[in-house]
Amino acid sequence: MEEERSNRKRKRPRRRKNRAENSSVNPKHTENQHQKVFNKTDGSECEDSAAPPAANRRVSSSFLDKMRAKLSGGHFRMINEKLYTCTGSEALDYFKEDPALFNVYHTGYQEQMSHWPEQPVNIIIKWLKDCSPSLLVADFGCGDARLARNVKNKVFSFDLVSNDPSVIACDMSNTPLDTSSIDVAVFCLSLMGTNFASYLREAHRVLKKSGWLLIAEVKSRFDPNNGGADPDKFSKAICELGFTSISKDFSNKMFILLYFKKKEKQNSKKGEIEWPELKPCLYKRR
Ligand code: SAH
């Protein structure tokens, strides 16, 4: 009996430590949360021990669900910050090392999006539905490829990880698309890397003359009063790359939408463009 108890004592802390390591969040934080779990369940019953009384099980499972959500929310924010503060090729290596992080990121991303009154990808889907279905589309940073699944057009979907045969895994500054082969290039909340200008250069390369460039980005990244970029400077830089600004939509609370067309003539200023810095979009704890 005595030995059994000391075995239990020895096993529990080791389990807690492993979980903290796996979750990649502050271990101190994790420790405290688990401490609470143990207190709530009388120190003896938790999700990984023998069956608790029914009432405790109910309290404990909803409590644990909340704790899990908090941990995965923290993990999402950590990955999100990483993606906004590194280059595309570093991000590609990051996910290559542990592709499971991509799912953690997208679960958190979907959770955040579920609080937005409108999702920019749906506006782009509507826009495409009003165009000819024969237009060839490239979706740069496609996520779960919702765009491709909702339009009739042929869509080339690119992201850092491919969980679907239709998605091509690559750093989008270097896609396998032919030069001047695409009618519409879409960046929907995907200008994350510090080298975002190279993604736009790639879009310019693959677009046909007069091809469309559609950009949806988080509005706070373009609020100069809050450390964000000046949208006019951003737009000017894109024009210098070889585009004409067609329209801007600032009506949504959460995101802006910019529409450009590739110029007929090659731009000579390509080398000296002054790109504004785009501040990372860091999501709040909910
Ligand atoms: N466009 C989708 C997903 C937006 S989340 C939507 O609106 O729902 C941003 C996506 O861009 C993420 O899936 C991220 O992995 C991808 N991304 C960021 N940098 C990238 C890069 N350098 N190359 C390819 N994909 C990238």
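Look up a bit, the structure's there.
All values derive from a computational prediction rather than experimental measurement.

Caption draft 1: Region of interest: the nonpolar core. One finds Leu83, Phe95, Ile124, Leu128, Leu147 and Val184 to be the most contacted residues of the largest nonpolar core, which totals 42 residues. Secondary structure elements with two or more residues in this core: helix 3 (54-84), helix 4 (88-97), helix 5 (100-113), helix 6 (120-129), strand 4 (182-188), strand 5 (207-218) and strand 7 (255-262). Sort the elements by how many residues they give to this core and helix 6 lands first, with six residues. Those residues within four positions of Leu128 in sequence are excluded, and the remaining contacts are Val137, Leu147, Val151, Asn153 and Val184. The next biggest cluster of nonpolar side chains, apart from the first, holds 30 residues, and it includes Ala185, Ile215, Leu258 and Phe260.

Caption draft 2: Spotlight on the environment of Ser89. Along the chain, Ser89 turns up in helix 4. Owing to a relative accessible area of 40%, Ser89 belongs among the partly exposed residues under this scheme. Taking the C-alpha atoms as reference, Ser89 lies 9.1 Å from Leu160; in sequence the two are 71 residues apart.

Caption draft 3: Broad picture of the packing of helix 8 (residues 196-206) against helix 9 (residues 231-242). Closest axis-to-axis distance for the helix 8/helix 9 pair is 10 Å, and the angle between their directions is 40°. With respect to helix 9, the element helix 8 is oriented oblique. Crossing of helix 8 against helix 9: the hand is right-handed. Residues Phe196, Leu200, Arg201 and His204 of helix 8 form the contact with helix 9, whose own contacting residues are Phe234, Ile238, Leu241 and Gly242. Its residues placed into classes, the contact of helix 8 with helix 9 shows five nonpolar, two polar and one charged.

About the thresholds
- Residues numbered from 1 in each chain as written.
- Predicted model: local features only at pLDDT ≥ 70, side-chain atom pairs only at ≥ 80, totals over all residues.
- Heavy atoms only, no water.
- Core = buried A, V, L, I, M, F, W, Y, C linked by side-chain atoms within 4.5 Å.
- Buried < 20%, exposed > 50% of the residue type's maximum accessible area, 1.4 Å probe, protein only.
- Helix = DSSP H or I, 4+ residues; strand = E, 2+ residues; numbered from the N terminus.
- Contact = heavy atoms within 4.5 Å.
- Axes fitted to C-alpha atoms, helices over the stretch in contact; angles between N-to-C directions.
- Parallel < 35°, antiparallel > 145°, perpendicular 65-115°, else oblique.
- Left-handed = near helix turned anticlockwise from the far one by under 90°.
- Nonpolar A, V, L, I, M, F, W, Y, C, P; charged D, E, K, R; others polar.

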